[in-house]
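# Residue-level structural notes
One letter stands for each residue in the lines below.
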There are 2 protein chains.
Amino acid sequence: MNGAESVLKTLEAAGAELCIANPGTSEMHCVSALGRSEKMRAVLALFEGVVTGAADGYGRIKEKPAITLLHLGPGLGNGIANLHNARRAATPIINIVGDHATDHLRFDAPLASDIEGLARPVSGWIGRVPYAHEAARFAREAYRQSMTPPGQTATLILPADAAWNDAEEALPPPSLPKPAPPSARAIDRAAEALRRAKGAAILMRGAVLKEEGLRQAGRVQAAAGVRLLCDTFAPRIQKGRGRVSVERIPYFAEQIEAFLEGVDCLLLVGAKPPVSFFAYPGRKSWMTPKGCALLTLAHPSEDGEEALRALASSLKAPRNPPLPPRETPPKAPSSDDALTPDLAARIIGALLPEGAILSDESATSGGGLQSSLADAPPHDHLSLTGGAIGQGLPLAVGAALAAPDRKVLCLHGDGGAMYTVQALWTIAREKLDVTTVIFSNRSYAILNIELMRVGAENAGPKALSMLDLSNPDLDWVSIARGLGVAATRAETAREFSDQLGEALRQKEPRLIEAAL
Amino acid sequence: MNGAESVLKTLEAAGAELCIANPGTSEMHCVSALGRSEKMRAVLALFEGVVTGAADGYGRIKEKPAITLLHLGPGLGNGIANLHNARRAATPIINIVGDHATDHLRFDAPLASDIEGLARPVSGWIGRVPYAHEAARFAREAYRQSMTPPGQTATLILPADAAWNDAEEALPPPSLPKPAPPSARAIDRAAEALRRAKGAAILMRGAVLKEEGLRQAGRVQAAAGVRLLCDTFAPRIQKGRGRVSVERIPYFAEQIEAFLEGVDCLLLVGAKPPVSFFAYPGRKSWMTPKGCALLTLAHPSEDGEEALRALASSLKAPRNPPLPPRETPPKAPSSDDALTPDLAARIIGALLPEGAILSDESATSGGGLQSSLADAPPHDHLSLTGGAIGQGLPLAVGAALAAPDRKVLCLHGDGGAMYTVQALWTIAREKLDVTTVIFSNRSYAILNIELMRVGAENAGPKALSMLDLSNPDLDWVSIARGLGVAATRAETAREFSDQLGEALRQKEPRLIEAAL
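Scope of this entry: the structure provided in the associated data block. (Residues numbered from 1 in each chain as written. Chains lettered and ligands numbered in written order. Predicted model: local features only at pLDDT ≥ 70, side-chain atom pairs only at ≥ 80, totals over all residues. Heavy atoms only, no water.)

## Here we look at the overall build of chain A
- Along the backbone of chain A there are 20 helices and 18 strands.
- Expected size for 516 residues packed as a compact globule is a radius of gyration near 24 Å; at 24 Å, chain A falls within 12% of this value.
- Once the C-alpha set of chain A is aligned to its principal axes, its extents read approximately 65 × 60 × 45 Å.
- Taken across its 516 residues, chain A has 65% of its residues classed as buried.
- Within chain A, counting contacts between residues at least 6 apart in sequence, those at least 24 apart form 80% of the total. (Helix = DSSP H or I, 4+ residues; strand = E, 2+ residues; numbered from the N terminus. Rg over C-alpha atoms; globule rule 2.2 N^0.38 Å. Buried < 20%, exposed > 50% of the residue type's maximum accessible area, 1.4 Å probe, protein only. Contact = heavy atoms within 4.5 Å.)

## Topic: the relation of the copies chain B and chain A
- With an RMSD of 0.0 Å, the fit of chain B onto chain A corresponds to turning through 180° and sliding 0.0 Å along the axis. What we have between these two chains is a two-fold relation.
- Both copies contact each other with a shared surface, as 100% of the interface residues of chain B are interface residues in chain A too. (Least-squares fit on C-alpha atoms with pLDDT ≥ 70 in both.)

## Describing the sheet that holds strand β5 (residues 125-128) of chain B
Residue and element names in this part refer to chain B.
- Reading across from one edge, β2-β1-β3-β4-β6-β5 is the order of the 6 strands in this open sheet, with parallel pairing throughout. Of all strands in the sheet, those bounded by a partner on one side alone are β2 (41-44) and β5. Averaged over all adjacent pairs, the angle separating strand axes in this sheet is 20°, with direction ignored.
- Pairing between strand β1 (residues 18-21) and β2: 4 bridges, direction parallel. Bridge assignment links Leu 18 to a residue of β2, and that residue is Arg 41. (Pairing = 2+ DSSP bridges. Axes fitted to C-alpha atoms, helices over the stretch in contact; angles between N-to-C directions.)

## Some remarks on the sheet that holds strand β13 (residues 357-361) of chain A
All names here are of chain A.
- What the 7 strands build is an open sheet, ordered β9-β14-β13-β15-β16-β18-β17; its pairing is mixed. Every other strand in the sheet has two partners, leaving β9 (236-239) and β17 (487-490) as the edge strands with one partner each. Between one strand axis and the next, the sheet turns by 20° as a mean value, whatever way the strands run.
- Contacts from helix α3 (residues 48-62) reach β9, β13 and β14 (379-383), with the element oriented near 140° to β14.

## Things to note about the side chain of His 412 of chain A
Residue and element names in this part refer to chain A.
- Its place among the elements puts His 412 in strand β15 (residues 408-413).
- Residue classification places His 412 among the buried positions, given a relative accessible area of 0%.
- Polar contacts involving the side chain of His 412 include one to the main-chain amide nitrogen of Ala 417, which spans 3.4 Å.
- With near-sequence residues (within four places) excluded, His 412 lies in contact with Glu 361, Ser 362, Gly 390, Gln 391, Gly 392, Leu 393, Ala 417, Val 437, Ile 438 and Phe 439. (Polar contact = N/O pair within 3.5 Å; in protein donor to acceptor, adjacent residues only side chain to side chain.)

## A few points about helix α1 (residues 3-14) of chain B
Residues and elements named next belong to chain B.
- In this model α1 runs 17 Å from its N-terminal to its C-terminal C-alpha over 12 residues, within 8% of the 16 Å that 1.5 Å per residue would give.
- The element α1 is extensively covered by neighbouring structure, given that 10 of its 12 residues are classed as buried.
- Tucked inside the fold, the buried residues of α1 contact α2 (28-36), β3 (66-71), β4 (93-99), α6 (135-146), β6 (153-159) and α7 (160-164).
- Capping of α1 at its N-terminal end is provided by Asn 2; its side-chain oxygen lies 3.1 Å from the backbone amide nitrogen of Ala 4.
- Looking one or two residues beyond α1, the residue adopting positive phi is Gly 15, at roughly 130°. (Expected span 1.5 Å × (residues − 1).)

## Considering the environment of Gly 501 of chain B
All names here are of chain B.
- As for its position among the elements, Gly 501 is in helix α20 (residues 493-505).
- By relative accessible area, Gly 501 is classed as buried at 7%.
- On a C-alpha basis, the gap between Gly 501 and Ala 332 in space is 9.6 Å, while along the polypeptide they are 169 residues apart.
- Other than its neighbours up to four places away in sequence, Gly 501 contacts Leu 351 and Phe 496.

## Looking at the packing of aromatic side chains
- Evaluation of the coordinates by the stated rule reveals 15 aromatic pairs over all chains.
- Centre to centre, the rings of Tyr 419 of chain A and Phe 47 of chain B are 5.8 Å apart; their planes meet at 85°, and the pair counts as edge-to-face. In this pair, Tyr 419 of chain A sits in the loop between α15 (414-417) and α16 (423-429) while Phe 47 of chain B sits in the loop between β2 and α3 (48-62), so the two residues belong to two different chains.
- Look at Phe 233 of chain B and Tyr 251 of chain B: their rings are 6.1 Å apart centre to centre, the planes differ by 75°, and that puts the pair in the edge-to-face class. (Phe/Tyr/Trp six-rings, centres within 6.5 Å; stacked < 30°, edge-to-face > 60°.)

## Re the interface of chain B and chain A
- Counting residues at the interface gives 94 residues for chain B, matched by 94 residues for chain A.
- Between chain B and chain A we count 6 salt bridges in total.
- Arg 88 of chain A is the salt-bridge partner of Asp 108 of chain B, the closest N and O atoms lying 2.8 Å from each other.
- At the boundary of chain B with chain A, the tally comes to 48 residue pairs in polar contact (both at pLDDT 80 or more).
- If you list the elements that add at least two residues to the side of chain B that touches chain A, you get α2, β2, α4 (72-89), α5 (115-119), α16 (423-429), α17 (445-453), α18 (461-465) and α19 (476-482) of chain B.
- When residues of the side of chain B that touches chain A are assigned to their parent elements, the largest contribution, 9 residues, is made by α4 of chain B.
- Broken down by class, the residue content of the side of chain B that touches chain A amounts to 51 nonpolar, 29 polar and 14 charged. (Salt bridge = Lys/Arg side-chain N within 4 Å of Asp/Glu carboxyl O. Nonpolar A, V, L, I, M, F, W, Y, C, P; charged D, E, K, R; others polar.)

## Some points on the pairing of β15 of chain A
Residue and element names in this part refer to chain A.
- With 6 of its 6 residues buried, β15 lies for the most part within the structure.
- Side-chain alternation along β15 places Val 408, Cys 410 and His 412 on one buried face and Leu 409, Leu 411 and Gly 413 on a second face that is also buried.
- Relative to β15, β13 runs parallel, the two sharing 5 bridges. By the bridge assignment for β15, Ile 357 is matched with Val 408.

## Regarding the packing of helix α9 (residues 211-224) of chain A against helix α11 (residues 304-314) of chain A
Residues and elements named next belong to chain A.
- At their nearest, the axes of α9 and α11 sit 8 Å apart, and the two run at 25° to each other. For the element pair α9 / α11, the angle class is roughly parallel. Handedness of the α9/α11 crossing: left-handed. Contacts from Glu 212, Gly 213, Gln 216, Ala 217, Arg 219 and Val 220 of α9 reach α11 at Glu 305, Leu 308, Arg 309, Leu 311, Ala 312 and Ser 313.
- Here the contact of α9 with α11 is composed, by residue class, of 5 nonpolar, 3 polar and 4 charged. (Parallel < 35°, antiparallel > 145°, perpendicular 65-115°, else oblique. Left-handed = near helix turned anticlockwise from the far one by under 90°.)

## Regarding the pattern of salt bridges
- Scanning all chains against the criterion turns up 66 salt bridges over all chains.
- A salt bridge links Glu 192 of chain B to Arg 195 of chain B, with the nearest nitrogen and oxygen atoms 3.8 Å apart. With Glu 192 of chain B and Arg 195 of chain B both in helix α8 (residues 184-196) and 3 residues apart, the pair spans about one turn of that helix.
- Given a relative accessible area of 37%, Glu 192 of chain B falls into the partly exposed group.
- Owing to a relative accessible area of 52%, Arg 195 of chain B belongs among the exposed residues under this scheme.
- Between Glu 305 of chain B and Arg 309 of chain B there is a salt bridge whose closest N-O contact spans 2.8 Å. Taken together, the positions of Glu 305 of chain B and Arg 309 of chain B, both in helix α11 (residues 304-314) and 4 residues apart, correspond to about one turn of that helix.
- Classification of Arg 309 of chain B as partly exposed rests on a relative accessible area of 23%.
- Salt bridges linked by common partners bring Glu 63, Lys 210, Arg 236, Asp 380 and Arg 406 of chain A together as one network.

Structure (structure tokens):
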């Protein structure tokens, strides 16, 4: 067996089932090994930002790493933006980055570059296989590292000779580190602080935002009257009817200030203290209210769900407090009114099927979704974690690969969707059950708001043209069809409702351009 | 004036005329300053790989830097692959990368990342503006650095507060370093070596491959009977009738060996010794023949044209040796035969207008171009310098912005074109005179060859599917129309000839899908 096979089989033994690839010459032995593998699914993407974003989506749902296969420094480079998002989501990912054969490196051939340098800002761990006999050991370590709580990107650089030379047999699975148990002292301090506080809140992030963690948070809420919060951009939240709901911190600094007013005790569970997304002239970044006690109940590497369970016990919380009554969601609006973001949100809330996964990069068009989805059937909500737009489509690819029995609904602003539009081809090729809605407002709409907010006033037409996606208008129906995805355009509530209803009933790729 | 304006006006004073942008919130003061500028053209691209590749194309033609405007680490990340190509082309480029306001950085907000770390592998110089009063000084240094021979990328990190705070007036232009004069000793040694050699060759790269440098090389050739060579992927060559022609080193190692057989003296002018693009099991990387003398006549930072002129004088070369007679190119084939790469190359050779700029990422479909273009009217040929595919379309954007009076013809493989397909929208928006030919063979064709060559034989259908772009077929006509570019599809020689002829006569964007 050669090094490539040794790596692949070791990763398979550890539990890896999916390789998302955009390979080149230096990865040909990996491609060949992939071709011979019976356990590893291989999925091709036409751009590396799709590869890494899909690995993120897969890891968020499956809670184990997908393997990416990338072509030297430039291939990794193209994947960096979505690896940045994945780092903020703490998603387990294993990158295999091919490199020149070790003896070829010193010649500085055209594709040579500093792969470690590019990998460092987006990787929790980096390893370079020195020769084929070490390939399995490095692969096993990469798997273990990727699964180090709360999860991280492990980048394995595999020179071509380390892939093609004879190697050791594959290694058995590594022992995986588990989240650390919560600190008894932190729980005691939190219980004590909650007893004293008048306006306490718990800010949660990570696995604790799944159903069981939320249930424990609900018990604490019932016992101590705390508010339950999540970040503006949480990697994954389980939402909908029958689940404890959390309030999402708003986006803009002044909104956050108002939102947190009166909070005098903030418990962190897997989260960091809230800060504003951007700084603005004369505004503060630090959002914890003055005088508010700030306590860490569980660090991101600790078991937040267990910490909340222990806190609930300490507070003698009821075992199953009743959930507040939920509204039955209203029927989908179906007038001939021109479609608006708000109408679209209500239609989505009314039509979302149970068990759906929402990949949400709706940006400025998604304002109405929070409330319209609160009473929707149970679903998973994934959001743009690192601010690098162009994540939603790849994330949908990965989520659909992770959960082939669930409907994936991708909600995307038009500006962001152009970054990784190649994802549509992979959706078509793999016949993924993804419905994509492009909110087509023909603008980097957030930037029109931000241009005013940062005090850069009096912008003339030349500045505004830098934020404008018209001239020419993007025709999403043509683009999608060109990439193999059936597509239609909706201009009214009725059209959107009809088209989305049909798309959600089918089990195949579909794109709807929602003209706003 | 604020820091953003101070930067922009300093760069304008130095000679910058074009900013290619994909901005975000942290760049809003730059956008605002750009909007108020009368000298700086502002061009929006929908993806940063288009921004950086266009800056490369502009710099290669204009021989001065375009400014890019990029959004923090992820924006830079998306531009890395084409900055890698630009580094290999030694193109002057100035990146302005916005960052969080300095006081905001410590809060590690979602978009924070190690920008310097990402910039280092692709930048010759990196500067971070510490406060607005230093903005002009850093901008001037960035310009000077970008123009340091032979040219390089200068990355200027501009925190939001350094952009929005009050700053000094703009600074006058920097003094720019010139290429170093050639070394008299190197010229003497080269003359001496040429006199002794039986099979001498000169390998050239950089500005020396423009008309006047080639003329000097032609004089040396006439005096000493040397072969004139260029790299497989030269950044820019001036070619066609009336110009001294050079032989291009072939791609594969065994081809290079045969090509260089008998060369016993190799003079380097701005070039490095030839090495193979990739390593292969059991094959050597170093391509200089055994026993061949290897001499550097001019380093990349030295004046290669002047070195050749001095060498020609030293050899008492004729002032204007006659060029070998050129064939009149045959008429464009126009049969109803199915289009092939060879037919396409002959049609392109026959129809290419004088003064055209060719952005050539034709990959495996471009084999016939070398000979078919040899007798074409004078033109510039730009190629993929760093092996990071997805450069050809952005390069065409930049070349068209640099030379609005010249026709730009972009020849692109389908696999590579998908990487930065967003470039078509900028071509449409700016109404650039670019004709794009997509060689649609529905395959990463080079990888099918390489899979065999690296010894990864017996590839089954699963491995081969990783190299295959069909299922679904990319419909380039729909994709181009979706992005605002008129497009047609050609399946026969006649169709291709008719469509290309029409496109080259017009002065507007056009795409032809050449079905192979």
